[in-house]
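Working through the structure, step by step
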Amino acid sequence: QVQLVESGGGLVQAGGSLRLSCAASGRTYSNSAGGWFRQAPGKERDFVASISWSGTITNYADSVKGRFTVSRDNAKNTVYLQMNSLKPEDTAVYYCAADLHNQFWIRSTTGYPYWGQGTQVTVSS
């Protein structure tokens, strides 16, 4: 099993920034793609960003492209999501996810077997 713990959520004004962290532990985390998803009240959990194991390939949802940056530090078993120019519509619970096969192109929740507990991000207008 892989355990994932998110941190860094909070309340921020529109235009502000937050950095989310996702720390992994447990069985070997090597060759894992990292993903970020978000879920607003009453809505489905949507893809936000993903990153390959090497960190050289990233993918973003159109709604966050140019504002969010996903990165990772494998020495710390941690994946990050830097969120800039935040908008009220970014308000959601943010979840990190991991697979063990480096399938970084997958944007579906079903492609990731391991999930964190989520961290709330609230952007006020």
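Description of the structure in this document. Small disclaimer: the values here were computed from a predicted structure and weren't measured.

Points about the nonpolar core
Here is a general trend for soluble globular proteins: nonpolar side chains tend to be buried in one another's company. Ranked by size, the top nonpolar core spans 33 residues in total, and within it Trp36, Leu81, Met83 and Tyr94 carry the most contacts. Examining the composition of this core, we find that five residues originate from one element, strand β9 (residues 92-98), more than from any other. With residues up to four places along the chain from it excluded, the contact list for methionine 83 reads Gly16, Ser17, Leu18, Leu20, Arg67, Phe68, Tyr94 and Val121.

Observations concerning the sheet that holds strand β1 (residues 2-7)
Read from one edge to the other, the open sheet built from four strands follows the order β1-β3-β8-β7, with strand pairing classed as antiparallel. Each having just a single partner strand, β1 and β7 (68-73) make up the two edges of the open sheet. Here the average twist between neighbouring strands, direction ignored, is 20 degrees.

Examining the pairing of β9
Burial of β9 is extensive: six of the seven residues sit out of reach of the surface. In this sheet, β9 lies alongside strand β4 (residues 34-39) in antiparallel orientation, the contact comprising six bridges. Paired with arginine 38 across the strands is tyrosine 94, a residue of β9. With three bridges connecting them, β9 and strand β11 (residues 119-124) associate as antiparallel partners. Within the sheet, the bridge partner assigned to valine 93 lies in β11 and is glutamine 120. Bridge count for β9 against strand β10 (residues 114-115) is two bridges, and the pairing is antiparallel. What sits directly across from alanine 97, in β10, is tryptophan 115.

Structural notes on the pairing of β1
Side chains Val2, Leu4 and Glu6 of β1 all project onto a buried face; the interleaved residues Gln3, Val5 and Ser7 project onto a face where none is buried. Bridge count for β1 against strand β3 (residues 18-26) is six bridges, and the pairing is antiparallel. What sits directly across from serine 7, in β3, is serine 21.

Description of the pattern of salt bridges
In this structure the tally under the stated criterion is three salt bridges. Between aspartate 90 and arginine 38 there is a salt bridge whose closest N-O contact spans 2.9 Å. A residue pair is termed long-range when its members are at least 10 positions apart, and aspartate 90 in the loop between β8 (78-83) and β9 and arginine 38 in strand β4 qualify at 52 residues. Across the salt bridge formed by aspartate 90 and arginine 67, the nearest N and O atoms sit 2.7 Å from each other. With aspartate 90 in the loop between β8 and β9 and arginine 67 in the loop between β6 (58-60) and β7, this pair connects stretches of sequence that are 23 residues apart. Each member of the pair, aspartate 90 together with arginine 67, is buried. One network of salt bridges, with partners in common, ties together Arg38, Arg67 and Asp90.

Criteria and cut-off values
Residues numbered from 1 in each chain as written. Predicted model: local features only at pLDDT ≥ 70, side-chain atom pairs only at ≥ 80, totals over all residues. Heavy atoms only, no water. Core = buried A, V, L, I, M, F, W, Y, C linked by side-chain atoms within 4.5 Å. Buried < 20%, exposed > 50% of the residue type's maximum accessible area, 1.4 Å probe, protein only. Helix = DSSP H or I, 4+ residues; strand = E, 2+ residues; numbered from the N terminus. Contact = heavy atoms within 4.5 Å. Pairing = 2+ DSSP bridges. Axes fitted to C-alpha atoms, helices over the stretch in contact; angles between N-to-C directions. Salt bridge = Lys/Arg side-chain N within 4 Å of Asp/Glu carboxyl O.

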